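The residues making up each chain are set out below.
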Amino acid sequence: MPNRMISLAVLATALLAAPLGAQRPAAVVPAIPSEYAAPIAYLLDAGSGQVLYQREIDRRFMPASITKVMTTFLAFEWMEEGRLFPQQVYSVRPETFRTWHRKGSTMFLPADARVTVDDLLHGVTTVSANDGAIVLAEGAAGSVEDWVAAMNAKAREIGMADSHFGNPNGWMDDGKTFVTARDLGTLAQAMVTRHPSKYRHFVGMKELSYNGISQRNHDPISGTIRGADGIKTGYTNQAGFGFLGSAERDGQRLVMVIGGSPGGRERRDASRQFIEWGFASFESRLLFPESARIGSARVQQGGADAVGLVARGPLRIAVPRGENPDITLALSYEGPLQAPIAKGEEVAELVVSIAGMPEHRVPLYASEEVLEATLVQRVFNALGSWVA
């Protein structure tokens, strides 16, 4: 069936012609980090999924402790499914204690610890606890191997097409664990949009006090950059210095990836510079409010000849700050669609074209159910088609 492209350009102009109002004095716009400081650099708007900047985002690299973001996300998903609960208590297996006691970054779990999932996750997200990640994996899945299999299955489910995890904590494993910046962006966006309350509870804490020991979070932007709240640094001799970070200001959330920095100072400066550049250069605008009917798609052999199209939540886009660029919208779908269609089924895309920016596509979903046409309805549909 042909791909149908229906222009919505007039509608876009009406919705996005936001008045600029009084112009503020020009501010110094931070620069994009150099290729030396950040060989891999990726910035996206989490609310829309738009790519704002990209450099080597499909190049594979070893994430080191950034792997723990996948462990955290899987824990969030299992909590949502009722498979894992914050107040569940796990014990530390003797072999786990022998292997991971004080090995790399740690939350100093004692050999006889009985520790809650809540504490383990805070250890993982705040102080990058290698021991905490292993105890969580063994307690939740029964074994590290089963947890890692679930990590990889979840990664594939959310669209991380070029990444693989060999363990829950990012410890060196001879290249079995690798990611791309594009995939890390996908992971971070899924985390903050699917689990906003869990994200706020577990991510971005300044310090962790556990077992009588207080440790600081070494995130390079939280507490320094306005609106910053994480997410995870990574470093090993093999992997170098990396960072998956996020910040939110005035309803706009940005996610960034820095990979391959030659040192901790370069990673810190590049991360701060990059996120400030993003906020200085782009602003978020509401395109359609939540549940708004964006358009419709033709339906074949259905009880109705069309189905409404909606986005999942409010639809926002990022545009160059202080500008009203030319914007065109178009609906794209393989059609006419074939009944039956379930309410909430993904059936189309909204193609957003903004002057000077990459094309952006937003999934659209059926706003109502469309059943197969009855025999009488098919007769009337056929007559209608013949008359038309």
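For the structure given in this document, a descriptive report is provided here.

Thresholds applied
Residues numbered from 1 in each chain as written. Predicted model: local features only at pLDDT ≥ 70, side-chain atom pairs only at ≥ 80, totals over all residues. Heavy atoms only, no water. Helix = DSSP H or I, 4+ residues; strand = E, 2+ residues; numbered from the N terminus. Buried < 20%, exposed > 50% of the residue type's maximum accessible area, 1.4 Å probe, protein only. Contact = heavy atoms within 4.5 Å. Areas by Shrake-Rupley, 256 points an atom, 1.4 Å probe, with all protein chains shown as cover. Salt bridge = Lys/Arg side-chain N within 4 Å of Asp/Glu carboxyl O. 1 Å grid on protein atoms, 1.4 Å probe; cavity = no way out; pocket = protein on both sides within 12 Å on 5 of 7 lines; lining within 4 Å. Points joined across faces, edges and corners; volume = space filled by probe spheres on them. Nonpolar A, V, L, I, M, F, W, Y, C, P; charged D, E, K, R; others polar. Phe/Tyr/Trp six-rings, centres within 6.5 Å; stacked < 30°, edge-to-face > 60°. Axes fitted to C-alpha atoms, helices over the stretch in contact; angles between N-to-C directions. Parallel < 35°, antiparallel > 145°, perpendicular 65-115°, else oblique. Left-handed = near helix turned anticlockwise from the far one by under 90°. Expected span 1.5 Å × (residues − 1).

### Examining the overall build of the chain
In terms of helices and strands, the chain carries ten helices and 18 strands. The buried share of the chain, taken over its 388 residues, is 52%. A separation threshold of at least 6 residues defines the contact pool for the chain, and within that pool the share at least 24 residues apart is 67%. As displayed, the chain offers around 18100 Å² of accessible surface, 51% of which is attributable to carbon and sulfur atoms.

### A short note on the pattern of salt bridges
Two side chains that carry opposite charge are able to pair once their charged atoms sit near each other. In this structure the tally under the stated criterion is 16 salt bridges. Across the pair Arg249 and Glu276 runs a salt bridge whose closest N-O atoms are separated by 3.1 Å. Taken together, the residues Arg249 in strand S9 (residues 240–249) and Glu276 in helix H9 (residues 264–281) connect sequence positions 27 residues apart. Two residues, Arg361 and Glu359, come together in a salt bridge whose shortest N-O distance is 3.2 Å.

### Re the layout of surface pockets
Here the largest pocket defines a volume of roughly 1600 Å³. Taken together, 49 residues line the largest pocket, and the ones lying closest to its centre are Ala46, Gly47, Gly49, Gln189 and Thr193. Among the elements of the structure, strand S2 (40–45), helix H7 (181–194), helix H8 (196–202), strand S10 (252–261), strand S14 (315–320), strand S17 (346–354) and strand S18 (360–366) are those that each provide at least two residues to the lining of the largest pocket. The element best represented in the lining of the largest pocket is H7, accounting for eight residues. Here the residues of the lining of the largest pocket are counted per class, giving 21 nonpolar, 14 polar and 14 charged.

### Topic: the environment of Thr96
Counting through the fold element by element, Thr96 comes out in helix H3 (residues 94–100). According to the relative accessible area criterion, Thr96 is buried, its value standing at 4%. In sequence terms Thr96 and Asp131 are 35 residues apart; their C-alpha atoms lie 7.8 Å from each other.

### Focus on the packing of aromatic side chains
According to the stated counting rule, one finds eight aromatic pairs in the structure shown. Ring centres 5.8 Å apart and planes at 90 degrees place the aromatic pair Trp100 and Trp171 in the edge-to-face group. Taken together, the positions of Trp100 in helix H3 and Trp171 in the loop between helix H6 (144–157) and H7 put the pair 71 residues apart, joining distant regions of the chain. Arranged with centres 6.2 Å apart and planes meeting at 25 degrees, the rings of Phe274 and Trp277 form a pair that is stacked. Highlighted residues: Phe274 and Trp277, both in helix H9, separated by three residues, approximately one helical turn. Classification of Phe274 by relative accessible area gives buried; the value is 0%. A relative accessible area of 12% means that Trp277 is categorised as buried. Among the aromatic residues, those joined into a ring-pair cluster are Tyr53, Phe274, Trp277 and Phe282.

### Points about the packing of helix H2 (residues 67–81) against helix H4 (residues 117–127)
Where H2 meets H4, the axes come as close as 10 Å, and the angle between the chain directions of the two elements is 150 degrees. With respect to H4, the element H2 is oriented roughly antiparallel. Handedness of the crossing formed by H2 with H4: left-handed. Contact with H2, carried on its side by Lys68, Thr72, Ala75, Phe76 and Met79, involves Val117, Leu121, Val124 and Thr125 of H4 and no other residues of that element. Residues of the contact of H2 with H4, tallied by class, amount to six nonpolar, two polar and one charged.

### Digging into the packing of H4 against helix H5 (residues 130–141)
H5 packs onto H4 with a crossing angle of 140 degrees between their chain directions and a minimal axis gap of 8 Å. Our classification of the angle between H4 and H5 gives oblique. Viewed along their axes, H4 and H5 form a crossing whose handedness is left-handed. Contacts from Val117, Leu120, Leu121 and Val124 in H4 reach Gly132, Ala133, Val135 and Leu136 in H5. A class-by-class count of the residues in the contact of H4 with H5 yields seven nonpolar, one polar and no charged.

### Notes on H6
When the terminal C-alpha atoms of H6 are compared, their 20 Å separation across 14 residues agrees well with the 20 Å that a helix rising 1.5 Å per residue should span. When we look at burial in H6, the residues that qualify are Val144, Trp147, Val148, Ala150, Met151, Asn152, Lys154 and Ala155. In this fold, the buried residues of H6 make contact with H2 and H5. Backbone geometry just downstream of H6 places Gly159 in the positive-phi region, at approximately 100 degrees.

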